[in-house]
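Listed below are the residues making up each chain.
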Amino acid sequence: MKNAFSHPFLKNRRAVSQVMGSVVILGIVSSVGSVILFNGMNSISAFTYDLSFHEASKNQIHREDIVFEHVRFEPNTDNLIIDLANIGTVESTIVSITILNIDNQEIISNWVDLDQTIQLKDNRQLVLDLLDDAQIILVQGSGTWNDPAYVNSEYRISLTTARGNFFTTVASPFNT
């Protein structure tokens with residue numbers, strides 16, 4: 001019995017070389033890949049274009065960002081000084097502030113109206129005099145931050161903006 005590969009014209013026959021096979025496969029993959037890439041880029045562009053038609057005020061809610069730079073409890077007084085920085089891309093208006101003693105859940109201030117505007121890329125200092133404002137009170141001890149009733153506590157300070165965003169920090173007297 002004869003071997004099928006012993007025939008002379010089958011021995012000299014060759015398949016596609018590895019180089020030519022790689023070039024053909026590369027051509028197929030790159031053509032299909034470029035179609036997928038350009039369709040994806042067009043879809044992203046269309047999505048971005050559609051976002052531009054939404055209401056501007058709703059888009060600005062997500063672009064508002066305020067950072068507490070420093071909180072200072074003035075010794076021997078009831079004053080609280082808060083330094084804020086607007087690092088967002090829109091102007092922010094602080095509508096109210098709430099201060100809560102974390103240790104005993106005492107509300108020091110509850111939704112105190114401020115109406116302070118912080119311009120874009122600007123910082124603002126808020127000075128709160130706790131005796132002058134009827135909504136903010138230190139009720140225990142001498143009514144100053146260095147009183148033992150307040151000096152060793154932590155306070156959650158929360159701001160609400162006109163767009164409805166809420167920013168908060170935790171501070172303690174003489175340790176911020």
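Structural notes, computed from the coordinates. Not measured: the values here are computed from a predicted model.

**As for the sheet that holds strand β3 (residues 92-101)**
Phase 1 of the analysis: The sheet built from four strands is open, its strands ordered β4-β3-β6-β7 with antiparallel pairing. Every interior strand has two partners, whereas the edge strands, β4 (107-118) and β7 (166-171), have only one. Taken pair by pair, the neighbouring strands of this sheet meet at an average axis angle of 20 degrees, ignoring direction.
Phase 2 of the analysis: Taken together, the seven bridges between β3 and β4 define a ladder with antiparallel strand orientation. Opposite Ile97, over in β4, you have Val112 as the bridge partner.

**Structural notes on the packing of aromatic side chains**
Phase 1 of the analysis: The final tally for this structure, using the stated rule, is four aromatic pairs.
Phase 2 of the analysis: Centre to centre, the rings of Phe73 and Trp145 are 4.7 Å apart; their planes meet at 80 degrees, and the pair counts as edge-to-face. One end of the pair, Phe73, is in strand β1 (residues 66-73); the other, Trp145, is in the loop between β5 (123-129) and α4 (148-151), with 72 residues separating them in the sequence.
Phase 3 of the analysis: Between the aromatic rings of Trp145 and Tyr150, the centroid separation amounts to 6.1 Å while the plane-to-plane angle is 80 degrees, which identifies the pairing as edge-to-face.
Phase 4 of the analysis: For Trp145, a relative accessible area of 0% gives the class buried.

**Let's talk about unusual backbone geometry**
Phase 1 of the analysis: Even without being a glycine, Asn76 presents a positive backbone phi close to 60 degrees.
Phase 2 of the analysis: For Asn76, the position within the fold is in the loop between β1 and β2 (79-86).
Phase 3 of the analysis: Of note in this structure, Gln105 is not a glycine but carries a positive phi near 60 degrees.
Phase 4 of the analysis: The topology assignment puts Gln105 in the loop between β3 and β4.

**Focus on the nonpolar core**
Phase 1 of the analysis: Counting residues in each nonpolar core, the largest one holds 23 residues, and the members touching the most others are Phe68, Leu80, Ile82, Leu84, Ile97, Ile99 and Ile157.
Phase 2 of the analysis: Discounting chain neighbours no more than four positions away, the residues touching Ile157 are Phe68, Val71, Leu80, Ile82, Ile97, Thr98, Ile99, Phe167, Thr168, Thr169 and Ala171.

Rules and cut-offs
- Residues numbered from 1 in each chain as written.
- Predicted model: local features only at pLDDT ≥ 70, side-chain atom pairs only at ≥ 80, totals over all residues.
- Heavy atoms only, no water.
- Pairing = 2+ DSSP bridges.
- Helix = DSSP H or I, 4+ residues; strand = E, 2+ residues; numbered from the N terminus.
- Axes fitted to C-alpha atoms, helices over the stretch in contact; angles between N-to-C directions.
- Phe/Tyr/Trp six-rings, centres within 6.5 Å; stacked < 30°, edge-to-face > 60°.
- Buried < 20%, exposed > 50% of the residue type's maximum accessible area, 1.4 Å probe, protein only.
- Core = buried A, V, L, I, M, F, W, Y, C linked by side-chain atoms within 4.5 Å.
- Contact = heavy atoms within 4.5 Å.

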